[in-house]
Amino acid sequence: MKQVSPISIAHITDIHLFASEDEKMLLIPTRESFEAVVERLKALSSEIDILLLTGDLSGDGKPESYDHLQSILNSLKIPVYCLPGNHDHTGIMSDIFNMGMVSRRKSFQRGGWNFILLDSSQPGCVHGYLNGKTLDWLNYELKMLGESPTLIALHHPPCAVNSLWLDSISLKNPQEFLTIIDRHPQVKLVLFGHIHQEFQHQRHQVHYLSSPSTGVQFRSSTATLTIDKQYPGFRLLKLYPNGMWETAVERVPYFHPLQLTAQAG
């Protein structure tokens, strides 16, 4: 039997770069931690076909943060697809990500898979919401793209993640999203960010996956925001044309002394 090569994806999320190089998020210097992750991505670059970034790319929504991020991403020489999170400024992000390795496409095909990227951000809100126009577009794309295996990405989790405070700021209309997913059995994977931790859940035949932040990590199963001691990282996925897939989380041994004592909530 002929062995079919998979397409390899690196899922990167919640970078939180700031305009100022010295700015921190919950005591973690996010630019420094992201650069540690980038070094690992460089070592793997020959094995990665796509970088998929699921929001909170910036921590302050300022042009300088996106300029710096675009420069780093271009240096990796790997095609990049991205969507915004609640900390992003969608207009500025779209204006700056217009060259080099970063694509603006939100629906594309690679390696026998369909990819659909959704914007769940709402201006001025921490929680997410998929408006009617976005949901109609999702349903249309799934109908038009046919039966090839499909991966959908958004920023906010469309399912409970067993943390009281995170579940209160997740996607506000998950049932509308899930109703569409239920109509289309070709959907295999839903990737999201926002929760700064590794998470996996299965609903029917669809697997819902989140990945570590490249910066600060949130402890799972907590009532209030609590910093986790785990290293920053990202998720690797191998997607086969027959709809099968494999995944593993990579963590980077980045150490910042305050990371071990910082708590909030």
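Located above this text is the structure these notes cover.
These lines cover the structure that appears in this document, whether it is placed above or below. The structure presented is a predicted model; accordingly, all values stated were derived computationally and were not measured.

What follows deals with the overall build of the chain. When you go through the chain residue by residue, the secondary structure sums to six helices and 12 strands. Radius of gyration (C-alpha) of the chain: 17 Å, near the 18 Å computed for a compact globule of 265 residues. Once the C-alpha set of the chain is aligned to its principal axes, its extents read approximately 50 × 40 × 35 Å. Burial analysis of the chain (265 residues in total) assigns 54% to the buried set. In the chain, of all internal contacts separated by at least 6 residues, the share reaching a separation of at least 24 is 70%. Just so you have it, the chain exposes about 11700 Å², and 51% of that area is on carbon and sulfur atoms. Taking the 22 positively charged and 26 negatively charged side chains of the chain as two groups, their mean positions are separated by 5 Å.

Once that is clear, we can look at the packing of helix H1 (residues 30-44) against helix H2 (residues 63-76). Packed helices, taken two at a time, are described by the angle between their axes plus the distance between the axes. It is at 10 Å that the axes of H1 and H2 come closest, and there the two elements cross at 15°. Classified by the angle their axes make, H1 and H2 are roughly parallel. With respect to the hand of their crossing, H1 and H2 are arranged in right-handed fashion. Note on element contacts: H2 touches H1 through His 68, Leu 69, Ile 72, Ser 75 and Leu 76, opposite Arg 31, Phe 34, Glu 35, Val 38, Leu 41 and Lys 42.

This brings us to the pairing of strand E11 (residues 233-239). The side chains of a regular strand alternate, first on one face of the sheet and then on the other. Summarising burial for E11: five of the seven residues are buried, a large majority. Taken together, the five bridges between strand E1 (residues 7-12) and E11 define a ladder with antiparallel strand orientation. In the sheet register, Ile 9 faces E11, and the bridge partner there is Leu 237. Taking the residues between adjacent antiparallel strands as the criterion, E11 and strand E12 (residues 245-251) are bridged by five residues, where Gly 243 takes a positive phi near 95°.

On to the nonpolar core. Counting residues in each nonpolar core, the largest one holds 32 residues, and the members touching the most others are Ile 152, Phe 177 and Tyr 208. Going through the elements one at a time, helix H4 (132-145), helix H5 (164-167), helix H6 (174-183), strand E8 (187-192) and strand E10 (206-210) are the ones with two or more residues in this core. The element that contributes the greatest number of residues to this core is H6, accounting for four residues. Here Tyr 208 is in contact with Pro 158, Cys 159, Phe 177, Leu 178, Ile 181, Val 190, Phe 192, Phe 199, Gln 200, His 201 and Arg 203, once residues within four sequence places are set aside. Grouped together as the second largest cluster of nonpolar side chains are 30 residues, Ile 15, Val 37, Ile 48 and Phe 97 included.

Definitions and limits used
- Residues numbered from 1 in each chain as written.
- Predicted model: local features only at pLDDT ≥ 70, side-chain atom pairs only at ≥ 80, totals over all residues.
- Heavy atoms only, no water.
- Helix = DSSP H or I, 4+ residues; strand = E, 2+ residues; numbered from the N terminus.
- Rg over C-alpha atoms; globule rule 2.2 N^0.38 Å.
- Buried < 20%, exposed > 50% of the residue type's maximum accessible area, 1.4 Å probe, protein only.
- Contact = heavy atoms within 4.5 Å.
- Areas by Shrake-Rupley, 256 points an atom, 1.4 Å probe, with all protein chains shown as cover.
- Lys, Arg positive; Asp, Glu negative; His and termini not counted.
- Charge placed at Lys NZ, Arg CZ, Asp CG, Glu CD.
- Axes fitted to C-alpha atoms, helices over the stretch in contact; angles between N-to-C directions.
- Parallel < 35°, antiparallel > 145°, perpendicular 65-115°, else oblique.
- Left-handed = near helix turned anticlockwise from the far one by under 90°.
- Pairing = 2+ DSSP bridges.
- Core = buried A, V, L, I, M, F, W, Y, C linked by side-chain atoms within 4.5 Å.

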